[in-house]
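Commentary on secondary and tertiary structure
Here is what each chain is made of, one letter per residue.
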Amino acid sequence: MFLGPPLFAREIVGYSDVELDRIVQVEDPENLPEEFLERLRMRARTAQPQPHAIYVAERQPLSRQPLSRPPLRRGPSSSSSTMSYDPEVEHPKELAVETEHYNALISDGGRPSHPISLGRDILKDPGEYREIISYWQKGCHDERSWQVFGSQRGYWESFRKHQQRMRKSSRFPVYCQRVQDRLRRHGFERPFQLHKDLEQQEKLTTWIEFLQVQYEACDSYENIVVRDQSKYDEAWKTLEETKVLRPWETAEYIGSHIPEALYEEVRVVKAVDDATLAVKAAERAFQEAQDSGSSEQSLSQLEENLAATRSKLAVSKTSFESCKRRAGFTDQWFAATREYRMAKPSGERAKILARWILQQVPLIELELNSAEATEDGSNTKNGGRTAGLNEEVEESPACFQN
């Protein structure tokens, strides 16, 4: 089981530390660079995991668990985790890191989702940036989820490496045609021409190439959904026929309530364990009373207690077997529908970024036209000095004109 859609290596390498504290699935772990893996190892040694994350990470299907106590571990108490982070103390450092990511992204030709000057206030009133911010937050909505520029920088740098790989390939002409074809299928008709030398390629063309890469991600997810739709429907029908589902449970409900299911499994195993210990204690007390010659009344009370504990153990075992059976069938369903369930939300999420990238195209055209006009005017007034489009990198308000 998993808690969310899988991410590609190019997305996760830009995660901030707070994002790394969440559990995610990586679609292509073989592409994670060694320096990032070392960063993960360092976080594992120093970060305090959340209780639900421990259960998910350590869980084995209940259908394969022995009837005994699982190795439970405690997460940090709420007081200790609260004391470990003071937003007012950490904010200056976080802002400095975010500013570095922001500046690097713009310097490399990328476009931030919003002005960094909005800072933490973007959480209170995201306004026109609500949808694109939700994409970069990746489901995280705590007090540090305003830190999104690291992810954006990592994603953009991964795209830039993709550009370089394509141009080193002997099949670059084939790649160019594929870019044209995919964009045309998505209704993008604006003429452009990829250049093998990235230094000579126009900024707008690079952005259009970026749009194609995101459309490719959307198409990949969509192809999986279409391919596996009938398989998914059949798997759900099979699960319904097992009669282990509760009346209100739908596929969406089960998929979004995984932590609750894990807690239930831990609870029933612990209930059997506790009831077993109670029976052993009652048996020992009854045996000791017999050996010491206790009164009939005392023995009768102890015998009644023993019968009650045995009855409770029987009920606990019945609940365990029921939960074990349910877990077995649901695990089969999760395994059979894994790709479909990951692809569907991932595809919807990918469309958010694709829409935003497309919306930036006319804005970039406007910026470039304005820059040319400014350059012409500057050359006339100051004897040829040319002002850079992103000269004031930290704010770069032109990036956010509507």
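Going by the structure above, here's the rest.
Worth saying up front: this structure is predicted, and the values here are computed from it rather than measured.

**Structural notes on the overall build of the chain**
Looking only at helices and strands, one finds 15 helices and 2 strands in the chain. Counting all 402 residues of the chain, 40% fall into the buried class. If you take every contact in the chain between residues at least 6 apart in sequence, the share linking residues at least 24 apart comes to 70%.

**Side note on a negative patch on the surface**
Taken together, the side chains of Asp 233, Glu 234, Glu 240 and Glu 241 make up a negatively charged region of the molecular surface. Structurally, the position occupied by Glu 234 is in helix H11 (residues 203-241).

**Here we look at the nonpolar core**
Core analysis: the largest hydrophobic core is formed by 58 residues, its most contacted members being Leu 183, Trp 207, Trp 333 and Leu 353. At 15 residues, the largest contribution of residues to this core is made by H11. With residues near it in sequence (within four places) discarded, Trp 207 still touches Arg 111, Trp 156, Trp 356, Ile 357, Gln 360, Val 361 and Ile 364. Judged by nonpolar contacts, the second largest core, of 10 residues, contains Val 268, Val 269, Val 279 and Cys 323.

**Focus: the environment of Gln 177**
Relative to the helices and strands, Gln 177 is located in helix H10 (residues 172-185). Taking the C-alpha atoms as reference points, Gln 177 and Leu 194, 17 residues apart in sequence, are found 9.7 Å from one another.

**Quick notes on the packing of helix H6 (residues 87-107) against helix H9 (residues 149-168)**
At their nearest, the axes of H6 and H9 sit 8 Å apart, and the two run at 30 degrees to each other. With respect to their mutual orientation, H6 and H9 come out roughly parallel. The chirality of how H6 crosses H9 is left-handed. Contacts between H6 and H9 pair Glu 98, Glu 100, His 101, Tyr 102, Ala 104 and Leu 105 from the former with Phe 149, Gly 150, Gln 152, Arg 153 and Trp 156 from the latter.

**So, the packing of H9 against H11**
Axis separation between H9 and H11 bottoms out at 11 Å; the angle between their running directions is 100 degrees. Accordingly, the angle class assigned to the pair H9 and H11 is roughly perpendicular. Along its contact with H9, which presents Tyr 155, Trp 156, Phe 159, Arg 160, His 162, Gln 163 and Arg 167, the element H11 presents Thr 206, Trp 207, Glu 209, Phe 210, Val 213 and Gln 214. Classifying every residue of the contact of H9 with H11 gives 6 nonpolar, 4 polar and 3 charged.

Analysis parameters
- Residues numbered from 1 in each chain as written.
- Predicted model: local features only at pLDDT ≥ 70, side-chain atom pairs only at ≥ 80, totals over all residues.
- Heavy atoms only, no water.
- Helix = DSSP H or I, 4+ residues; strand = E, 2+ residues; numbered from the N terminus.
- Buried < 20%, exposed > 50% of the residue type's maximum accessible area, 1.4 Å probe, protein only.
- Contact = heavy atoms within 4.5 Å.
- Patch = residues over 30% accessible without salt bridge, like charges linked within 9 Å, V, L, I, M, F, W, Y side chains within 5 Å.
- Areas by Shrake-Rupley, 256 points an atom, 1.4 Å probe, with all protein chains shown as cover.
- Salt bridge = Lys/Arg side-chain N within 4 Å of Asp/Glu carboxyl O.
- Lys, Arg positive; Asp, Glu negative; His and termini not counted.
- Charge placed at Lys NZ, Arg CZ, Asp CG, Glu CD.
- Core = buried A, V, L, I, M, F, W, Y, C linked by side-chain atoms within 4.5 Å.
- Axes fitted to C-alpha atoms, helices over the stretch in contact; angles between N-to-C directions.
- Parallel < 35°, antiparallel > 145°, perpendicular 65-115°, else oblique.
- Left-handed = near helix turned anticlockwise from the far one by under 90°.
- Nonpolar A, V, L, I, M, F, W, Y, C, P; charged D, E, K, R; others polar.

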